[in-house]
Amino acid sequence: MKRAMLVLVLLLVAALAAPPLHAASDPATVIRTTVDQAFEVLRDPALRKPENRGQRLAKLRAIADRVFDWEEMAQSSLGVTYRKITDEERKRFLALFRDLIAEEYMDDLDRFVGDEKVLIAGVEQRDEQRLVKTVLVTHSRDRVPIDYLMHAEGDQWLVNDFSVEGVSLVNHYRKSFSRYLANHTFEELLERLAARAKPK
Amino acid sequence: MKSRRTSLVLVIGGLLALAAPAQAEPLSRRRAIAQAVEQNPQVAAARARRAHAAAEKAEADAARWPEITLEVGVGPSLRAERVPGTAVESTKSRYDLGADDLSVVVGGRLSIVQPLYTFGKIDSFRAAAAHGIRARDAQVTMTQADVALEVARLYESLLFARDTARFLEELESYVARTIIATEERVKAGAAELGEQDVLRMEAALAGVRLGLQRARAGRLQAAAALAAYLGLGAGATIEPAEDELHAVGTVEVPAARLAKDALGRRPELVALDQGARAYGSLAAAEEAASYPDLFLMAFASGAYTPGRDAVESRYVVDPLLHFDPGILLGLRWRIQGPTASARSEQREAQARELRHLRSWAAAGAPAQVAAAHADVERARRDIAEASAAVVKAKRWTVQANADWVVGLGSSLAVVDSTRAYAELRAAELDATFRHNVAMAELAHATGTIVGDTLGLYPGKEPR
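Residues numbered from 1 in each chain as written. Chains lettered and ligands numbered in written order. Predicted model: local features only at pLDDT ≥ 70, side-chain atom pairs only at ≥ 80, totals over all residues. Heavy atoms only, no water.

A. The arrangement of the overall build of chain A in detail. On a plain count of helices and strands, chain A comes out with eight helices and five strands. Secondary structure elements of chain A, listed N to C terminal, follow the sequence α-α-α-α-α-α-β-β-β-β-β-α-α. Relative to all contacts within chain A whose residues are 6 or more apart in sequence, the contacts with residues 24 or more apart total 51%. Element-wise, carbon and sulfur atoms account for 56% of the exposed surface of chain A, whose accessible area totals about 11200 Å². (Helix = DSSP H or I, 4+ residues; strand = E, 2+ residues; numbered from the N terminus. Contact = heavy atoms within 4.5 Å. Areas by Shrake-Rupley, 256 points an atom, 1.4 Å probe, with all protein chains shown as cover.)

B. Structural view of the interface of chain B and chain A. Each side of the interface is counted separately: chain B has 30 residues, and chain A has 31 residues. Here chain B meets chain A over a buried area of about 2900 Å², counting both sides, of which 49% is carbon and sulfur. Considering only the side of chain B, the residues that lose the most area to chain A are B:Arg177, B:Val406 and B:Leu408, jointly responsible for 21% of the buried surface there. Inspection of the chain B/chain A interface yields five salt bridges. For B:Lys394, the salt bridge goes to A:Glu165, with nearest N and O atoms at 2.9 Å. Across the contact surface, chain B and chain A share 19 residue pairs in polar contact (both at pLDDT 80 or more). Within the residue set of the side of chain B that touches chain A, elements represented by two or more residues are α4 (121-187), α8 (339-405) and α9 (411-445) of chain B. Classifying every residue of the side of chain B that touches chain A by side-chain character gives 12 nonpolar, five polar and 13 charged. (Buried area = accessible area lost by both parts, 1.4 Å probe. Salt bridge = Lys/Arg side-chain N within 4 Å of Asp/Glu carboxyl O. Polar contact = N/O pair within 3.5 Å; in protein donor to acceptor, adjacent residues only side chain to side chain. Nonpolar A, V, L, I, M, F, W, Y, C, P; charged D, E, K, R; others polar.)

C. Structural view of the environment of B:Leu282. Residues and elements named next belong to chain B. Of note, Leu 282 is situated in helix α7 (residues 267-288). Placed 199 residues apart in sequence, Leu 282 and Val 83 show a C-alpha to C-alpha distance of 61 Å. Apart from residues lying up to four places away in sequence, Leu 282 is in contact with Phe 125, Ala 128 and Arg 347.

D. The arrangement of the layout of surface pockets in detail. Residue and element names in this part refer to chain B. The computed volume of the second largest pocket comes to approximately 1100 Å³. What lines the second largest pocket is a set of 44 residues, among which Glu 59, Ala 60, Lys 121, Phe 125 and Leu 282 lie closest to the centre. At the level of elements, α3 (41-62), β1 (67-78), β2 (102-117), α4, α7, β3 (293-304) and α8 are the ones that each hand at least two residues to the lining of the second largest pocket. Ranked by the residues each element gives to the lining of the second largest pocket, the list is headed by α4, at 10 residues. (1 Å grid on protein atoms, 1.4 Å probe; cavity = no way out; pocket = protein on both sides within 12 Å on 5 of 7 lines; lining within 4 Å. Points joined across faces, edges and corners; volume = space filled by probe spheres on them.)

E. View of a positive patch on the surface. On the surface, A:Arg174, A:Lys175, A:Arg179 and B:Arg395 cluster together into a positively charged patch. In terms of residue count, helix α7 (residues 169-181) of chain A provides more of the positive patch than any other element does, three residues in total. Considering the arrangement of structural elements, one finds A:Arg179 in helix α7. (Patch = residues over 30% accessible without salt bridge, like charges linked within 9 Å, V, L, I, M, F, W, Y side chains within 5 Å. Lys, Arg positive; Asp, Glu negative; His and termini not counted. Charge placed at Lys NZ, Arg CZ, Asp CG, Glu CD.)

F. Expanded view of a nonpolar patch on the surface. Residues and elements named next belong to chain B. A contiguous nonpolar patch, built from Leu 116, Tyr 117, Phe 119, Tyr 291, Leu 294, Leu 296, Ile 327, Leu 329, Leu 331, Trp 333 and Ile 335 and spanning about 1200 Å² of accessible area, is present on the exposed surface. Of all the secondary structure elements, the ones that give two or more residues to the nonpolar patch are β2, β3 and β4 (322-332). If you tally residues by element for the nonpolar patch, the top one is β4, at three residues. Looking at the secondary structure, you find Trp 333 in the loop between β4 and α8.

G. The arrangement of unusual backbone geometry in detail. In this model, B:Tyr457 is joined to B:Pro458 through a cis peptide bond whose omega is 0°. Note on placement: B:Pro458 falls in the segment after α9. Of note in the backbone geometry, A:Arg141 takes a positive phi value of approximately 70° without being a glycine. Of note, A:Arg141 is situated in the loop between β2 (129-137) and β3 (143-153). Not every positive phi belongs to a glycine, and B:Phe119 is a case in point at roughly 60°. With respect to the helices, strands and loops of the structure, B:Phe119 is situated in the loop between β2 and α4. On the basis of relative accessibility, which here comes to 34%, the residue B:Phe119 falls in the partly exposed class. (Buried < 20%, exposed > 50% of the residue type's maximum accessible area, 1.4 Å probe, protein only.)

H. Representation of the packing of aromatic side chains in the model. Considering all chains together, one arrives at 15 aromatic pairs over all chains under this definition. Aromatic pair A:Phe68 and A:Tyr148: ring centres 6.4 Å apart, planes at 70°, arrangement edge-to-face. Residue A:Phe68 is found in the loop between α3 (53-67) and α4 (70-78), and its partner A:Tyr148 is found in strand β3; the two are separated by 80 residues along the sequence. As far as the burial class goes, A:Phe68 and A:Tyr148 line up, both buried. The ring centre of B:Phe295 lies 5.1 Å from the NZ or CZ of B:Arg332, which sits over that ring. (Phe/Tyr/Trp six-rings, centres within 6.5 Å; stacked < 30°, edge-to-face > 60°. Lys NZ or Arg CZ within 6 Å of the ring centre and 35° of its normal.)

Below is the structure:
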């Protein structure tokens, strides 16, 4: 009896100590797969035609939306301000932030020439999160470090921040928004973002 | 009908494939230099001069051996009957000719002259020719080194132009798209944007395009010049094996040691030294012209005419029937007064000239090594500085662009940061190009560029 109890306790401790099980791939694989899917779209001869640009960007957006946790990124970018605003304001901010950042990211991808490469440089554990380090080798052989900070959401790994050249998107915007909000209202910030959004 | 058209398309396709130039094999630095020094016409001309010197040596060597002169001939002759009991009297007079008096003579002369002692003339000429060959060998190496240096400069220019063009193409695309997005927003009535923002970016784009055109032209020029050095036809495609420009070669020996070792390796110094020795030997040969040549000569003269009696006198030689061999120990002496000394002094003066030039080259070689070494060190520091600055400029660009995207930044920040990044990246490429050219110049200054014996240029092949 004592021995059975001991085995049970040990199993329980092991289960508690072990990292959460994720049925899906590990973070590096998620990034690799996402990048490969994006490259597949960018290399598709039919989608490369200028008249199909809208379709191309839509496919890229769909790929990005599966992996990026826009809500988490938007919330983190606002910092303490997020707690002070209304639900309606949060909704409007999230929509604008997501569209602006996603559009810019898609636009960067759309400049793809055909010989770019993405190398996975490693994965770092940061408490419950994982930092996937990649290097984008551009057409001009420039090496751009892009790191993806990911968290587990159920059995999925999602990106809640990414850094380009060591500049964390979330940290940067937190400072920029904070600086702006020191002398402006949140409504003014929303108007600013709306003015930047793609004309419909 | 359909199958005939398909066949026609296939035939035309096949012919076009045959006519198109073959895909160029990627060309590495090492192969470019090897190919150029092997077949470049300047090197071929230097080799021809070397062959000429070898032939002069063969000629000087041949002076040791006997000189053989042989003359033979055939012609009309006269029969003659000697009066019995006499030595030279003939039964008929010289002018009493009849048709049955005609005969034919076969005759000739042979002389063999073997020089015995020439007071050093032959040895001096041989020594001069031997020095001449060594001087020409060194000149072949010099020409190869000069060709290798020029090929290195062109190869690095090609890489520099290619990478600069690639970078500016990327930048052009980025700025052009930013302009389009800005124009759309201005048109949509964005309050914080105006015409000035668009103009600012268009000015930046124009700068990028000017640089891009310069880079593309530079690439074509470098490729064309390199093709000429490699003996490829006009319009030949050159594809560098290196995927990107990076710093090559390592300096593992201190500069002072490189400079000292250069004195033993530089082919110019060898050429001048051997050239001076050659003139010195010629001076000795000219001086020896004041003295006679001792020789041994064997000779023979003979003629035969059928139907002609031989003369029996020791005093009279019948040119149409005789045989006279002989041997003598001879002396040939051309007394030229001060001419020989004057010629010797001319050669000596030429030797002195080359010795002075050698001294000058020996003083200049270490200075060249020092200058090239300093250029390498400066370029290395520039690469480190520019690379670190490029990282900072990229971070600035990312931040400026991030603010611009959400409407919190200005076009001025975007343009300024992009311009800083472009200038620093161009400076990084320029520093890398200068580094590699300086390494090639250092290899040339140390006499190691052909064969890369010190690993200076092109250094280890990139993986």
